[in-house]
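Listed below, chain by chain, are the residues.
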There are 4 protein chains.
Amino acid sequence: MSLCDSADPPRRRRKEARPQELTAAALELFTERGFAATRLEDIAARAGVSKGTLYLYFDSKEALFEAVIREGIIPAMNEGRTMLEEHQGSASELLRCLLLGWWELLGESPLGGVPKLMVSEAGNFPKVAAFYRENVIDPGRALLREALQRGMDQGEFRPVDVGMAVDVIFAPILMLAVWRYSIGPCCAEEERDPVRFLDTHFDLLIKGLRP
Amino acid sequence: MSLCDSADPPRRRRKEARPQELTAAALELFTERGFAATRLEDIAARAGVSKGTLYLYFDSKEALFEAVIREGIIPAMNEGRTMLEEHQGSASELLRCLLLGWWELLGESPLGGVPKLMVSEAGNFPKVAAFYRENVIDPGRALLREALQRGMDQGEFRPVDVGMAVDVIFAPILMLAVWRYSIGPCCAEEERDPVRFLDTHFDLLIKGLRP
Amino acid sequence: MSLCDSADPPRRRRKEARPQELTAAALELFTERGFAATRLEDIAARAGVSKGTLYLYFDSKEALFEAVIREGIIPAMNEGRTMLEEHQGSASELLRCLLLGWWELLGESPLGGVPKLMVSEAGNFPKVAAFYRENVIDPGRALLREALQRGMDQGEFRPVDVGMAVDVIFAPILMLAVWRYSIGPCCAEEERDPVRFLDTHFDLLIKGLRP
Amino acid sequence: MSLCDSADPPRRRRKEARPQELTAAALELFTERGFAATRLEDIAARAGVSKGTLYLYFDSKEALFEAVIREGIIPAMNEGRTMLEEHQGSASELLRCLLLGWWELLGESPLGGVPKLMVSEAGNFPKVAAFYRENVIDPGRALLREALQRGMDQGEFRPVDVGMAVDVIFAPILMLAVWRYSIGPCCAEEERDPVRFLDTHFDLLIKGLRP
DNA sequence: AATGAATGAGCATTCATTCAT
DNA sequence: CATGAATGAATGCTCATTCAT
C-alpha cells in the first residue's frame, strides 16, 4: 500500500542480483538485434543502470556476450539427463518428454533466443561457439542418442542411422525456437501454434520410427 | 580499338556485371560476419573495387542488403514449380526431388548463406523479412503443400496436418543450411555428411507418411 | 580496550598519518606516469585505502596534486639556509655542501620526483607552478646567489654573471634528478654514477670560477 | 592579389603534407599539455582537419606520439656531425658551435619541446624512450665526447672525466630547453635571456677546461 | 571514518557516406 | 565511371566524483 512500494532494493541485494539482471537484458537485446547492432547503453538502460555499471561486472562487450551464453546454458541440460535416467515408460514417451521438455524450457522463456543468437554470432565468436557445442549441443545429442538407442534395443523403434537421426529429430524444435526470434515476429503470421507443430512433428516421427 | 584490350575484362562487361559482383561479395561477408559487423570497405575490396564505387550502384548499406536478399531469391523457386508440374512419378519421388533439389541449390552454393543471413537479420529488417517471406517462404511452403496433398489424394501418404507438416519437413534442410554458415565451420566436426543426413531424414519421413 | 589492538596500527595514528600516506603514494605515481595518466584508484590502492577515502582528505585530483607539491617542498629549503648561515669554510666548500646536500635530499628520496613532476605538469597547473617557483626555485636561487656572491666578495671566485650562473650551476643537479625519473630507468644504462657525475661537475665548476 | 589566395591546396599536395602538419600540431599540444591530457580532436583541429582524418595517417594516439618523436629527431644530428667533421678552428670554438647550434635548432623552434616531452613521457613509452636514447642521446653524447677529446689531445683542455663531462656540459642547454616548455612560460619571469645564459655557461665551461 | 557501488561526462576509435579529382 | 581523402556521428570504454551504507 505504500507509495514507494517499488523503491530500490537495498544495495547489498542489488550487488548480487546485478549480473543476472544485466545478462538477462543483454540476452533480450542481443537476440533482437544481434551483437554488433546492440549498444551497451541500451542494455544498461533496460537493466535500469547506467553505462558504467556494466563494467563493474563485465570486462567488455564480448565478456558480456560470453556470460550471456554461459548463463543461458546452465539450466538446459540437467533436466534432460534426470528425465532420461528416471523415465520408466516407453521410448516414445521418453522421446516426447525430452523434446517437449526442451520446448517448454527454450520456447517459452527468453532463453529460447540463445540458439538464434548462437547461430547468428558463431562466426564472430568461435571460442564461444566451441564452448556452446561442448556444453549444449554435444550433451543434447547424447541425450537423444540414448533415447533412440533405448527404443531400438527394446524393439520399439526400427534401426536407423542414430548419429544422423538425432539432428534430424531435433531440427524442427530448433527451427521453431530460431523462428520465433527471427522471421516469425515480424511477419506476424496468424500465430503459428507450437503445440500443433510439435504434435505433427511427433506424429510423423513416431510413425517413421515404427519397426 | 581499345588501348588495353587484353588484360582487363572489357569495360562494357564489367559495368554490367558490377552489381552482381558486389552483391556476391556482400552476401559472403554478410553471411560470415552479419550485417552490422561487415564493413563496406571489405565488401568493396573483395569485389575488387573501391569504397566509393559501391555508392554508384547502391544508395546505402541497407540498400545493398536488400539487393543481396533480392538476388538470392530469383533462381530459387522456378525450378521447384516446373518440377512439380512436370513430375510423373510417385509423390515420394516428387518430395525427394524437391528437397534434394533445394539442398543442391542452397547447400552447395553461397546462396545457402541467405537463410542464415535472413534468420540473423530479420529483426533489423522487417521489410526485407516480409519480402522474403512472400517471395521465398510462402511459395516454398506452397510447393511442399502441393506435393504432400498430391500424395495424400493418391493414397500414397496417410492424412497429416499439412500446414504444419511442410515446416516440419523442411526444418532439417533449413538447419543443414544454417548450420553450415554458423556453428558448423568453427567446430570443424568430422565433416557431417549432408547426404547421409538427408537420406536419414528422408527415410524417417517417408516411413512416417506411410498410410 | 580495543578488540583488535594488535594487528592494525592504532586508529588515532592512522587518521593523522593518512594525508601523508596518500600524498606519498600520489607523488610516486604522478612521478612515474604523469598526472593525467594516474588513476586515483591506484593511488588509493598503493596507500592501502579505498577510492572514496581519498575524498575525505582531498577535494579533487587537482587538490591532491597541489598537496603533493606543497608537501614535497617543506623540507627542502630550511637546511640550505641554516647551512648558509652556519658555514665557516671557504665559498667552494659552501657551494659543494649546498649542491651535494640537495642531491642527497632530491636524489635519494622519492622527493626527487618532484622536479620532474613539476616540469611535466607546469603547463597544466600554472598556479601550482607559480607557487613552486616562489617557494622552491626562487629561494633556491637566492641561496646559490648568496654563496656565489660570498665567494666573489672574498676574492675566491672571479666575477661572473651571478643571475645566470646560479641556473647554470644548478642545471646538472636538476638534470640528474629529472633523468632518474624519466629516461634513466627505462634505458637501464650501466647505472650512471651520481657521485662521479657530481664530482666532475664540481671539478669543472670550481676551476671555472677561479679568479 | 586574389581574394582566395589561401584556398585549399590541391588534394594531392595535402595528402603528402598531411602527416607533417599533423605531427607538428601534435608536437605542440603534447608538449604543452602532455600526452594523456591532449585530445586527438584538438590536434586535428589545430592541423585544420577532422578527427577521423588523423586515423588515415596514424593508427592510434600512440603511433602519432612515436611519429612525433621520430620526426623531431631527423634534423637534429646530421648538422652536428658535419660541423664536427668540417670544423677547422680550436676545440673551444667547436664546442661553442655545437652547443649554440643545438640551441638554435632546439631552442627557437617547436622542436625544442621534444626533450621536455620525452622527459615527461619516457616512463609511459619505454620503447620510444629507448629509440630516443639510441638515436639522439647517444649520438649527441658521442659528438660532445669527440669535441672534448680533440681539445684534450691538442692540449687545449685539461684532462677530465669525459664520460661524465659531456652530460655536465649539456645539462644547462637541456634545461634551458625543458624550462622554456614547462615552468618558464607560466611564471613569465622577466624573460630570461638565453644568450646571456649560454654565454655564462660557456664562460664558466671554457675556464673550467683550461689546462 | 571508511567503503565501494553507481554514475555520466569525456575520449579514442570506427565506419558509412560524401565529393573533389 | 572510378577513386580514395575527408568527414563526423556513433559507440565502447575509462575514471573522477558522489553517496548510501
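Residues numbered from 1 in each chain as written. Chains lettered and ligands numbered in written order. Predicted model: local features only at pLDDT ≥ 70, side-chain atom pairs only at ≥ 80, totals over all residues. Heavy atoms only, no water.

**Remarks on the interface of chain B and chain A**
With 50 residues of chain B at the interface, the matching set in chain A holds 50 residues. Summing the contributions of chain B and of chain A, the shared interface buries around 4400 Å²; its carbon and sulfur component is 66%. On the chain B side of the contact with chain A, Val119(B), Met164(B) and Leu204(B) bury the most area, a combined 15% of that side's loss. The tally of links between chain B and chain A comes to four salt bridges. The closest approach of N and O atoms between Arg158(B) and Asp203(A), which form a salt bridge, is 3.0 Å. At the boundary of chain B and chain A, one finds seven residue pairs in polar contact (both at pLDDT 80 or more). The set of elements that each furnish at least two residues to the side of chain B that touches chain A consists of α1 (11-33), α6 (113-121), α7 (126-153), α8 (162-180), α9 (183-187) and α10 (194-209) of chain B. Residue composition of the side of chain B that touches chain A, by class: 26 nonpolar, eight polar and 16 charged. (Contact = heavy atoms within 4.5 Å. Buried area = accessible area lost by both parts, 1.4 Å probe. Salt bridge = Lys/Arg side-chain N within 4 Å of Asp/Glu carboxyl O. Polar contact = N/O pair within 3.5 Å; in protein donor to acceptor, adjacent residues only side chain to side chain. Helix = DSSP H or I, 4+ residues; strand = E, 2+ residues; numbered from the N terminus. Nonpolar A, V, L, I, M, F, W, Y, C, P; charged D, E, K, R; others polar.)

**What to know about the packing of aromatic side chains**
Two numbers describe a pair of aromatic rings. These are the distance of the centres and the angle of the planes. Within the structure shown, the criterion is met by 24 aromatic pairs over all chains. With centroids separated by 5.4 Å and ring planes inclined at 75 degrees, the aromatic side chains of Phe35(C) and Phe65(C) adopt a geometry described as edge-to-face. Within this pair, whereas Phe35(C) is found in the loop between α1 (11-33) and α2 (40-47), its partner Phe65(C) is found in helix α4 (residues 61-86), the two being separated by 30 residues in sequence. Accessibility expressed as a relative area gives 0% for Phe65(C), which makes it buried. Put simply, the rings of Phe30(A), Phe35(A), Phe65(A) and Phe125(A) pair up and form one aromatic cluster. (Phe/Tyr/Trp six-rings, centres within 6.5 Å; stacked < 30°, edge-to-face > 60°. Buried < 20%, exposed > 50% of the residue type's maximum accessible area, 1.4 Å probe, protein only.)

**Re the relation of the copies chain B and chain A**
For these two chains of identical sequence, chain B goes onto chain A by a turn of 180 degrees and a shift of 0.0 Å along the axis, with RMSD 0.1 Å. This pairing of chains is accounted for by a two-fold axis. The C-alpha atom lying nearest the rotation axis in chain B is that of Gly208(B); the distance is 1.8 Å. In this assembly the copies share their binding face: 100% of the residues contributing to the interface of chain B also contribute to that of chain A. (Least-squares fit on C-alpha atoms with pLDDT ≥ 70 in both.)

**As for helix α2 (residues 40-47) of chain D**
In an α-helix, one full turn covers 3.6 residues, which means residues spaced three or four apart are oriented alike. Residue and element names in this part refer to chain D. Taken as a whole, α2 has its buried residues at Leu40, Ile43, Ala44 and Ala47. Seen end-on, α2 carries its buried residues on one side only, within an arc spanning 95 degrees. Trailing α2 by a residue or two, glycine 48 shows a phi angle of about 80 degrees, which is positive. (Arc of directions from axis to C-beta.)

**Focus on the pattern of salt bridges**
This structure, assessed with the given rule, holds 63 salt bridges over all chains. Taking the shortest distance from any N to any O, the salt bridge between Asp161(A) and Arg196(B) comes out at 2.8 Å. Of this pair, Asp161(A) sits in the loop between α7 (126-153) and α8 (162-180) while Arg196(B) sits in helix α10, each in a different chain. Across the salt bridge formed by Glu66(B) and Arg70(B), the nearest N and O atoms sit 3.4 Å from each other. With Glu66(B) and Arg70(B) both in helix α4 (residues 61-86) and four residues apart, the pair spans about one turn of that helix.

**Some remarks on the environment of Tyr181(C)**
Residue and element names in this part refer to chain C. Locating tyrosine 181 in the fold gives a position in the loop between α8 (162-180) and α9 (183-187). Classification of tyrosine 181 as partly exposed rests on a relative accessible area of 23%. Ignoring anything within four residues of it in the chain, the contact list for tyrosine 181 reads Thr31, Ser109, Pro110, Gly112, Gly113 and Lys116.

**Regarding the UniProt feature "DNA-binding region" (unreviewed entry) in chain A**
With numbering aligned to this structure, UniProt lists the feature "DNA-binding region" (unreviewed entry) at residues 39-58 of chain A. Taken end to end, residues 39-58 of chain A has its terminal C-alpha atoms 15 Å apart, with 70% of it in helix and 0% in strand. (UniProt positions renumbered as here; feature names shortened; annotations may be inferred.)

**Examining the interface of chain D and chain C**
Chain D puts 50 residues into the contact, and the matching count from chain C is 50 residues. Carbon and sulfur atoms supply 66% of the area that chain D and chain C bury against each other, a total of about 4400 Å² over both sides. Scanning the region where chain D abuts chain C turns up four salt bridges. Along the contact surface separating chain D from chain C lie seven residue pairs in polar contact (both at pLDDT 80 or more). Of all the secondary-structure elements, those providing two or more residues to the side of chain D that touches chain C are α1 (11-33), α6 (113-121), α7 (126-153), α8 (162-180), α9 (183-187) and α10 (194-209) of chain D. When residues of the side of chain D that touches chain C are assigned to their parent elements, the largest contribution, 11 residues, is made by α8(D). Split by residue class, the side of chain D that touches chain C holds 26 nonpolar, eight polar and 16 charged.

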